[in-house]
Amino acid sequence: MTDALDLFDDSEIRRVLCIVAHPDDMEYGGSAAAARWSARGVEVSYLLLTAGEAGMRNVKPLEASALRAEEQRAACAEVGVDELEILRFPDGMLQPDLALREAIARRIRQTRPDVVLTQTWSLEVSWGLNHADHRAAGLAAADAVRDADNPWVFRRLAEDEGLEAWGADWLLTFGDAPTHLIDVTGEPLERAVASLEAHKQYLAALGGDFDARGMLEGMTSAAAQRSSDPAVTHALGVAAHRM
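The present account deals with the structure reproduced in this document. (Residues numbered from 1 in each chain as written. Predicted model: local features only at pLDDT ≥ 70, side-chain atom pairs only at ≥ 80, totals over all residues. Heavy atoms only, no water.)

Section: the packing of aromatic side chains
Given two aromatic rings, their pairing is described by the distance between the two centres and the angle made by the two planes. What counts here: The rule is short: rings of Phe, Tyr and Trp, with Trp giving its six-membered ring, pair when the centres are within 6.5 Å, and they are stacked under 30 degrees, edge-to-face over 60, tilted in between. Runs of E in the DSSP output that reach at least two residues are strands. Runs of H or I that reach at least four are helices, and both are numbered from the N terminus. Burial classification: accessible surface area is computed with a 1.4 Å probe over protein chains only, and a residue below 20% of its type maximum counts as buried, one above 50% as exposed, and the rest as partly exposed.
In this structure the tally under the stated criterion is 2 aromatic pairs. Each ring, one from phenylalanine 8 and one from tryptophan 170, has its centre 5.2 Å from the other, and the planes form 90 degrees; the classification is edge-to-face. Of the two residues, phenylalanine 8 is situated in the loop between β1 (6-7) and β2 (15-20) and tryptophan 170 in strand β8 (residues 170-174); the sequence distance between them amounts to 162 residues. Tryptophan 170 sits in the partly exposed class, given a relative accessible area of 21%. For the pair tyrosine 28 and phenylalanine 210, a centre-to-centre distance of 6.5 Å together with 80 degrees between the ring planes defines the contact as edge-to-face. Pair noted here: tyrosine 28 is in the loop between β2 and α1 (30-39) and phenylalanine 210 is in the loop between α7 (200-206) and α8 (212-224), with a separation of 182 residues, a long-range link. Look at phenylalanine 210 and you get partly exposed, because its relative accessible area is 38%.

With respect to the sheet that holds β8
For clarity, the cut-off: In short, DSSP must find at least two bridges between two strands for them to pair. Here, residues are in contact when the closest pair of their heavy atoms is within 4.5 Å. Lines fitted to C-alpha atoms define the axes, with helix axes restricted to the stretch in contact, and inter-axis angles between N-to-C directions lie between 0 and 180 degrees.
Overall, mixed pairing links the 8 strands, which are arranged β1-β9-β10-β8-β5-β2-β3-β4 in an open sheet. Of all the strands in the sheet, the pair left with one neighbour each is β1 and β4 (83-86). Both strand β5 (residues 115-119) and β8 contribute to a ladder of 5 bridges, which runs parallel. For valine 115, the partnering residue across the bridge sits in β8 and is tryptophan 170. Across the face of the sheet, helix α2 (residues 61-78) comes into contact with β3 (43-48) and β4 while running at roughly 155 degrees to β4. Along the sheet face, α8 touches β9 (180-183) and β10 (235-242) and points at about 60 degrees away from the line of β10.

So this is what it looks like as structure tokens:
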């Protein structure tokens with residue numbers, strides 16, 4: 001297989017921080033990896049940069065943010081994630097600026113992850129043009145991984161909050177051209193389907209007949225075709241950056 005991809009070696013991972021823009025963003029593939037890791041005893045935390053308050057056209061922002069937080073907590077429970085933080089940066093207007101980078105760097109120093117998982121900052125992705133907030137989240141997360149490891153950037157995090165510099169080993173992005181695969185065959189995929197289906201009211205508000213299982217099974221089975229291991233029938237493709 002000329003375009004075969006290796007499996008990402010996650011055997012030594014102890015803590016993972018997942019950073020995305022909105023409630024439900026992790027559930028389009030990322031939560032399958034979270035389910036794999038949490039089942040192995042890895043501490044997995046989610047950081048959502050917005051509350052998703054602008055994501056439901058016919059629901060007012062305050063009501064939407066409460067509803068989406070409730071559905072996100074249910075989605076986290078399905079994949080064994082107990083630690084969820086939702087920030088309040090403005091949905092639809094996210095910017096990869098210093099304020100966002102500092103907020104992410106703070107959380108990295110608090111959770112001290114081996115791996116940071118985030119969404120791609122590419123403009124063009126397989127399903128079309130990437131959402132502006134997704135791009136901002138991915139770019140800010142990539143920068144904040146380095147910020148968190150630099151003791152001379154955002155110095156008040158250490159001086160005022162006691163959060164010393166922390167360097168993650170890996171930055172993984174999903175949603176773009178992968179360099180590696182994460183095996184999510186079996187139970188991780190099943191739990192990921194349940195986590196996406198937990199966003200019931202949000203998905204209903206989008207309209208149409210959304211098939212969570214069909215989408216996730218199709219995406220992960222297509223990625224698994226690039227594995228040389230026949231036992232891998234479903235996989236999440238990630239771009240792995242050694243930090």
